[in-house]
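# Structural overview
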Amino acid sequence: MTNMELEIMSQPAAVRHAAEVNAGVIAGFAEAIKARGVKQIVVAARGSSDNACNYFKYLCEIYAGIPVSSAAPSVITLYDGALDLSQTAVIGVSQSGAAADVIAVVERARSQGGITAAITNNKDSALAKAAEYSVFMDVGEEKSVAATKTFTAQMYMLAKIADALSGGKIKDLDKVPEVIDGTINSAGAAIKAAAARLKEVRSCYVLARGIMYAAAQESALKIQETTYTHARAYAVSDFYHGPFAVVDGNTSVILLAAEGKASRDNTEMLGRLSAAGADVTLISSDKSVSGGNARVDIPVCAEAIAPFAFVTAAQLLALNVSLSRGLNPDAPRGLKKVTVTK
C-alpha cells in the first residue's frame with residue numbers, strides 16, 4: 001500500500017483523536033471570542049489548508065452568524081500594509097506550522113491585541129508558538145506529499161470551533177469519523193470503476209455548491225497533485241457564468257451532489273451538462289439526483305458534515321487514477337511536503 005492510501009485509511013481514528021485532545025483549547029478559544037464580542041474572524045492559510053478554511057467560512061457564517069474572511073498575507077509580507085487586526089480573531093492553519101506568510105498574519109494580529117489561534121500538526125512549530133491558542137492535531141507524521149489525514153483533521157478542528165461558537169448547532173458533528181469510515185468501506189468498488197474511466201482524461205471540472213464547495217476545491221487539488229490532470233473547481237452557481245461555454249462532448253466533469261439545500265441546483269446542472277454532451281462522474285449521497293455517465297454512491301449524512309465523505313471519496317479517486325497511470329501518488333513531481341511562502 002502507498003503512504004497515501006494508508007493515511008486515507010487512518011482518517012477515522014485520526015480525526016477522532018484530534019477532537020479528543022483539543023476539546024479544551026477549542027472551548028477556550030471560542031469563549032475568548034464570545035467574551036470579547038468579536039464580530040469578525042480572519043483565516044490565514046495556503047493550499048489544502050485554505051480549502052479547509054473555506055469549509056469553516058460556511059459553517060461559521062451559517063451556524064454562528066460570524067463573518068469569516070481570508071487574509072491576503074502579502075499585504076503584510078510584501079507591502080507591509082497597515083492592516084488593523086486588533087478587533088478580530090485570527091486563525092492560522094498550516095499542517096507543518098512553517099508557513100512564513102501565515103505566521104506573519106498571526107503575529108501581526110497578536111501584537112495588536114487580536115485573539116489568535118493556530119491549527120498545526122507540529123506543536124513545536126513557529127506558527128504554534130506565534131498564536132495564543134495552539135490546536136495540535138497530533139495525527140502523526142504524514143509521509144505522502146498530498147495532504148489527506150491532516151486536511152480532514154484541519155476541517156474537523158475548524159468545524160469544532162464553528163460548533164463551539166454556535167452553541168452546538170451543527171448536526172451530527174461527532175459522527176464524522178464513522179462517515180469517513182463508511183465512505184471508505186462502501187464506495188471502494190465504484191470509485192475504482194470511476195477511476196478506470198478517468199485514466200485517460202487530462203482535464204476536468206469539479207463542481208459543487210454551498211458547504212460542498214470546499215470539497216470540490218480539495219478534490220480538484222488532489223487530482224492535480226497526484227494525477228497531473230488539469231482539474232478546476234467551480235461552484236455550480238458560478239459555472240453558469242461563462243465557464244459553461246467550454247462544455248461540449250470532450251468535457252469531463254465530476255459533480256459532487258450532497259443531499260441538502262443544493263439538490264435542485266445539482267439536478268439542473270446535471271441536466272444541462274448531459275444535454276451539452278459532457279461526460280459526468282456523479283459522486284452523490286442524494287438519491288433525488290440521477291443521471292451522468294458513472295455514479296459513486298456515498299453514505300447519506302447531515303449536509304454540514306457531508307464534505308468529509310466527499311473529500312474521502314475524492315482522495316480515493318485521485319489515488320486510483322494515479323496508480324492506473326503508473327504514477328507515485330506519494331511523491332508528485334515538482335512538489336515538496338513543506339512549501340514556505342513569504
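See the structure shown above.
Below: a short report on this structure. (Residues numbered from 1 in each chain as written. Predicted model: local features only at pLDDT ≥ 70, side-chain atom pairs only at ≥ 80, totals over all residues. Heavy atoms only, no water.)

## Section: the overall build of the protein chain
For the protein chain, the count of helices and strands is 13 helices and 10 strands. Over its C-alpha atoms the protein chain spans a radius of gyration of 19 Å, differing by no more than 12% from the 20 Å that the globule rule assigns to 342 residues. Once the C-alpha set of the protein chain is aligned to its principal axes, its extents read approximately 55 × 40 × 40 Å. Counting the 342 residues in the protein chain, one finds 56% classified as buried. (Helix = DSSP H or I, 4+ residues; strand = E, 2+ residues; numbered from the N terminus. Rg over C-alpha atoms; globule rule 2.2 N^0.38 Å. Buried < 20%, exposed > 50% of the residue type's maximum accessible area, 1.4 Å probe, protein only.)

## A look at the packing of helix H10 (residues 213-227) against helix H13 (residues 306-324)
Contact geometry of H10 with H13 gives a least axis separation of 9 Å together with a crossing angle of 15°. When the axes of H10 and H13 are compared, the pair comes out roughly parallel. The chirality of how H10 crosses H13 is right-handed. For the pair H10 and H13, the contacting residues are Ala215, Glu218, Ser219, Lys222, Ile223, Thr226 and Thr227 in the first and Pro307, Phe310, Val311, Ala314, Ala318, Val321 and Ser322 in the second. (Axes fitted to C-alpha atoms, helices over the stretch in contact; angles between N-to-C directions. Parallel < 35°, antiparallel > 145°, perpendicular 65-115°, else oblique. Left-handed = near helix turned anticlockwise from the far one by under 90°. Contact = heavy atoms within 4.5 Å.)

## Observations concerning unusual backbone geometry
What you tend to see is this: most non-glycine residues have negative phi, and most peptide bonds are trans. Of note in the backbone geometry, Asp138 takes a positive phi value of approximately 60° without being a glycine. Within the secondary structure, Asp138 is located in the loop between strand S5 (133-136) and helix H7 (149-166). One non-glycine residue, Tyr228, adopts positive backbone phi at about 65°.

## Remarks on the packing of aromatic side chains
Evaluated as defined, the whole model comprises 7 aromatic pairs. Cluster of aromatic residues (ring-pair linked, three or more members): Tyr205, Tyr234, Phe239 and Phe244. Seen from the ring of Phe244, Arg272 lies directly overhead, with NZ or CZ sitting 4.4 Å from the centre. (Phe/Tyr/Trp six-rings, centres within 6.5 Å; stacked < 30°, edge-to-face > 60°. Lys NZ or Arg CZ within 6 Å of the ring centre and 35° of its normal.)

## Section: the sheet that holds strand S1 (residues 41-44)
Paired through their backbone hydrogen bonds, the strands of a sheet run either parallel or antiparallel. With respect to topology, 5 strands assemble into an open sheet ordered S2-S1-S3-S4-S5, the strand pairing being parallel. Unpaired on one side and paired on the other, strand S2 (68-70) and S5 mark the two borders of the sheet. The average undirected angle you get between the axes of adjacent strands in this sheet is 20°. (Pairing = 2+ DSSP bridges.)

## Describing the pairing of strand S7 (residues 230-235)
Taken together, the 6 bridges between strand S6 (residues 203-208) and S7 define a ladder with parallel strand orientation. Note on S7: the bridge partner recorded for Tyr205 is Arg232. Each parallel crossover has a hand, and for S6 linked through H10 to S7 it is right-handed. (Right-handed = clockwise from strand over helix to strand, strands pointing away.)

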